Structure formats: structure tokens, C-alpha cells
Amino acid sequence: MSRSRPVLPYRVLPDEFVLASPDGWNVVVDGKSVGQLQDGTAFPAWDAKLSFTLEREFRIERDIADELQIDNSENCCEFVVTASSGGGITRDTLFTQPVSATGCSCVEVMLTPASARLARDLVLTSGIYLTRDISPEDPLAPKIAGSRLWEMTERVRLEGGAARLPMYEVPFSQFFPGDAVAQADFHVEIVGDPDLEIETALTVYVNSERPEFIAELNRQGSAAEQRLWNGVIRRVLTSAILTDEILTVSPGEGSSLAATVQRWARYIWPTTPFDRLGDLPLSEYSKYEAQIESWLHSMGTGADKGGSK
Amino acid sequence: MKLWPRLPLPRAKALVGDYGNRSLEDLQGTFATNASLKLFAPTGGVPIDDKTLRKLRLELESFAQECGYPETGSKKDRTHFDELVLHFLADLPIDFGEAIRPETWAWIAVVLAPHLVKWRWMGSDGHVSPERYAGPIVRNSFGRLWYQAMALDRGVDSANRWLYAEEFGADQTVALLERPSLAANRAVCLAVGKAWLALPPAHRKEELFRQTMKALIVRAGFQRFDVLESRALDQAVSDSFSVTMRRLRIS
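Residue and element names in this part refer to chain B. Its boundaries defined by the atoms lining it, the second largest pocket holds a volume of some 580 Å³. Surrounding the second largest pocket, 26 residues form its lining, Asp 82, Arg 120, Arg 144, Gly 169 and Ala 170 being those nearest its centre. Of all elements in the fold, only helix H5 (75-90), helix H8 (114-121), helix H10 (143-152), helix H11 (163-167) and helix H12 (170-177) reach the threshold of two or more residues within the lining of the second largest pocket. Partitioned by chemical class, the residues of the lining of the second largest pocket number ten nonpolar, five polar and eleven charged.

Dropping the structure here:
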């Protein structure tokens, strides 16, 4: 669970001040509970036509006015849930309810995100905010409308309609003419922009002209599946090491290309500085390959298909 | 739901590598020769038909021709092209989930209408930044216009629906829309437009806009704009412009 932690110029409510129901967001479809969504998990049943409601209870455990040292506190706070999607490209307020600044209270949140306005991810920010300007005597008390008093942000991956890591079945002879890969089983392409989310930066193609490979790939746990994901990770790592930039930039978002590749590299070469990794394939190529292979075997399937390991 | 073709960004960037050396006429033929470069989401709808895609291309070409295509034209011509495309894309029947994917706009820019991208963006050396074909939405030639339309739309019932889109220069648009913590909420974008146009024209300097957007980002760190009612939001944005004007000694 991630929480915004800006250094604010006024007193705020501690994280534990509000207790969110621990099971996460209850997903309701056609009046029936179909599962729970928690921070960092996926919502595989989602698609752009799904009508669903999210429900959750938040308990405010203590007295807000007392905690923040605000007086004249009537009707000054509200509980709000906003939803952003598409990597933050759009944001809507889905739930607003006044909360009392005095005493304990319970907020039963029920919100209905419009599936047609969602893609890729759903980031829910629940918070308590000041609704109006107030004039408390305490100089450290919040004063202006919109002041962030308590916030909690959770991200859920929307996986319906597309695999998290794009994988396309295409005829290599037509899709990559002149690249001499027509007989390859799979191919990986990477955009060299380290800040892009991994599902945008990385594309896996499997060759529809290799039907035996595809057929085996479709069997979960098959050797073909393991070879594919091992190959994807090897190629991404090697590309990153050879291009240098992906390993030397600040990793940024946890799901970015740079963050994912740096995480993999740190697992395999925990003591080697990133700027020295480029030497490995040049000096001891076989050892470099063996080190990657060893890590992949230690991971069991060798697959971190979405890069969230 | 109609699924639009997608072109993964790595493939798109590989393809545009030689676009700099190709003529507009040559690029115009890309749609016919790259028919196989159409990838769709594996589930969730029905792939859009070729007839609709061809119609889209014709519409975009007609806007370009209205603005002087294939002649190089002036900056004003290219700005006018952007306006026409923005108005058109605002009402394009494309599902949100398709439109927010950079891969969708990459397909449009790299396969459907690369000649228009090159015409719109090429410098004197014929070079076009690959981002205009295959960058994030806010950089893609067409994706950025769709996003602008979404963020700056004052509503179909408004007397001047595209007032802010027209009054913002390219620099202002970038300064606002490339900051998702502001731009993701249309109400914030509209408040910025309102405050900007309330300033005397002589004060509307690019530096003022840029610095105010930075100030708003800082302010948003402790004041959640999303929860403000309309009047309070307008006031917060207007105050930020005023403070920045004083700081920049604009009077």
C-alpha cells in the first residue's frame, strides 16, 4: 500500500488515523460480490463493458479537530475518492461525503467507475480534505480548502482485453521482412525510453509461421513457455546492458522499463555497480549467460511476465 | 466496442527510421504496403473495418489540403491544420480505452497518415522527431490533439467550445498537458484557460504561463485541486497567476 508523503506545511493525520477494511475493495457485479481488489493486484475480469461497483469501509478512529488543532470545525472536512486511469492521463472524482471533524465515524464508500473511461490501470486515491477555508488559532493547523489531511493511494492493474505484457502472434516473414528472423520462434522489441511503462516499452512477438512452437506455448508450464520467458528476460537484460541508458537512469516509476530491468539486474548481480555491468558480456560472456540462467532457474519458471518481481 | 489497430512503439520506432529519406508521396503509400502491420487487442471487441480507416485518412488529408498540403506552407497553416484535426478528433467515435494507448496513435501516424505527420512537422532538413510518430500520446502528432480536445473541451453547448484550445499557443499547451497531475482533470485545465484569458493580452507571456504551471504543481502538493468546487478552483489558479506575475515583475 503506497501513501503520498509530501512534506506539508501544516499538521496532518497519521496513516493509522483512518482504518480501511483490510480485505481491500469489494468488487460487485450484478449485485454479487465477485472478489477483492488490493493495492498492486490485478483485476483480470475487467473489460471495457463491465459494469461494476467498488465498496469499502473506512473508519475514522479519533477526533480530527483534536488531532489537527482546528477549531470552528463544523462542516469543514470531507472524504473523497478519486480514480485515475490510463497511466494518469485522466482523473475523476467518484465519491464525496462530508465527515465530522469531531468524534469517530465510519464512511461506507461505494463507487462506480465508468469502465469506458478506464484502461491499463485504476489508481484510487482515498483522502480526507478540508472543504472550506478555516481560520484556526494554531499556526500549524491546515487552513485552506483542499488541504490534504489524510491520503491513501492504491493501484490496480486492469488486465481484461489485453495481456499485461503485449504479446502478438504475427507471421514473421511479413511482419519483419528483410530482418532474417522468418524462422525464429519469437522476437522481442524494446523502446529505448527508460521511463515508459514496461507494457508499452516492451513487445513480444511469436511467430505464427511456427505452429508447433505456438501449440506448445499454449500448454501452461511447457518447455516452450519457459524458453520464451527465459528468452525475453535474457534479451531485455542484454539489450539494456548494451545500450547502457536503461541501467544508468534513475529508475522512476516501479513499473517503468528502467525500474524493472534494474530490479532484475540487482537480483542477478547484487554487488556489481550498474555502470560496470556492460563489462560482463564483453569479458566473460559465458559466465554472464550462466549467471542469468542460474537466476532464472532459481526463480522456478524463469518468468516475470509483467516485470513486477 | 470497436478495436483500433495498434502498432507497438518499438516496431513503430524501427519503421520510422527511414521516413526522413522518403518523400511525402512515397509515405502516402505506406497504408497500402503495410497492411499486415495491424495488431488488435486480443479480446474486448470487434476490429474496426478498413473502410472506416480509409475514411479517417481521407478526412485528415482533406484538412491538410485545406492548409496547403503538399506545399510546405507557413507555421500558421500548420497551426490551422492542428485546429481542424483537433475539432475532428474530439468527436471521433473511438473508445477511450483505445484512444489512450500510444500504440493506437502510433499506428495512425506511422501507417495510416505518415505523409501528413512529415508534412506537419518536418524541419528544413526534412527531419521529424520520432516522437511525432511513435512517442507518448502528448507527443504523437494526432494523439496530442485528441488529448488536447479531451482536456480543453468547454462542452458542445458552449458558445465557443474550443476557445482555450485556440487561445493557447503550442508552448502553453505543452506546459499544461505534459503535467498530468494538472491536465488529467479537465476542470483544472478549464480553470487555467479561464484565468489565462482573464489576463490582459500584453501580460500573456510564455514564461508567465510556464512558471505558473510549475507553481500550480507545487501548490497541488498540499492542496488537492480535484476536491475544490468550481469557484475555489478558479480562485486558486488565478491566485497562482497573480503570484507568478509579481515574482516575474509583470505589471
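From this point on, the discussion continues.
Moving on, we come to the sheet that holds strand S4 (residues 42-43) of chain A. Residue and element names in this part refer to chain A. Reading across from one edge, S4-S10-S9-S6-S7 is the order of the five strands in this open sheet, with mixed pairing throughout. Looking at which strands have only one partner, the edges of the open sheet turn out to be S4 and strand S7 (90-99). Bridging between strand S9 (residues 121-130) and strand S10 (residues 148-158) involves nine bridges; their strand directions are antiparallel. Its bridge partner lying in S10, Ile 128 is registered against Trp 150.

A few words now on the packing of aromatic side chains. Inspection of the entire model under this criterion finds 24 aromatic pairs over all chains. With 5.0 Å between their ring centres and 85° between their planes, Phe176(A) and Tyr205(A) make a pair best called edge-to-face. Here Phe176(A), found in the loop between helix H2 (172-175) and strand S12 (186-190), pairs with Tyr205(A), found in strand S13 (residues 202-207); they are 29 residues apart in sequence, far enough to count as distant. Take Phe176(A) and Tyr205(A): they sit in the same class, and that class is buried. When the centroid spacing of 5.0 Å and the interplanar angle of 85° are considered together, the rings of Trp196(B) and Phe209(B) count as edge-to-face. Here Trp196(B), found in helix H14 (residues 186-198), pairs with Phe209(B), found in helix H15 (residues 206-220); they are 13 residues apart in sequence, far enough to count as distant. Overall, Trp196(B) belongs to the buried group, its relative accessible area being 2%. The exposure class of Phe209(B) is buried, given its relative accessible area of 1%. Put simply, the rings of Trp25(A), Phe58(A), Phe79(A) and Trp150(A) pair up and form one aromatic cluster. Against the face of Phe96(B) rests Arg117(A), its NZ or CZ located 5.2 Å from the ring centre.

Our next topic: the environment of Gly17(B). All names here are of chain B. Note that Gly 17 resides in the loop between helix H1 (9-15) and helix H2 (24-28). A residue is classified by how much of its surface remains accessible, and Gly 17, at 59% relative accessible area, is exposed. Separated by 113 residues in the primary sequence, Gly 17 and Pro 130 have C-alpha atoms spaced 7.9 Å apart.

Segmentation of chain A into domains returns domain 1 (15-157) and domain 2 (167-306). Using C-alpha coordinates to define each centre, domain 1 of chain A is positioned 38 Å away from domain 2 of chain A.

Criteria and cut-off values
- Residues numbered from 1 in each chain as written.
- Chains lettered and ligands numbered in written order.
- Predicted model: local features only at pLDDT ≥ 70, side-chain atom pairs only at ≥ 80, totals over all residues.
- Heavy atoms only, no water.
- 1 Å grid on protein atoms, 1.4 Å probe; cavity = no way out; pocket = protein on both sides within 12 Å on 5 of 7 lines; lining within 4 Å.
- Points joined across faces, edges and corners; volume = space filled by probe spheres on them.
- Helix = DSSP H or I, 4+ residues; strand = E, 2+ residues; numbered from the N terminus.
- Nonpolar A, V, L, I, M, F, W, Y, C, P; charged D, E, K, R; others polar.
- Pairing = 2+ DSSP bridges.
- Phe/Tyr/Trp six-rings, centres within 6.5 Å; stacked < 30°, edge-to-face > 60°.
- Buried < 20%, exposed > 50% of the residue type's maximum accessible area, 1.4 Å probe, protein only.
- Lys NZ or Arg CZ within 6 Å of the ring centre and 35° of its normal.
- Domains from an automatic or database assignment.

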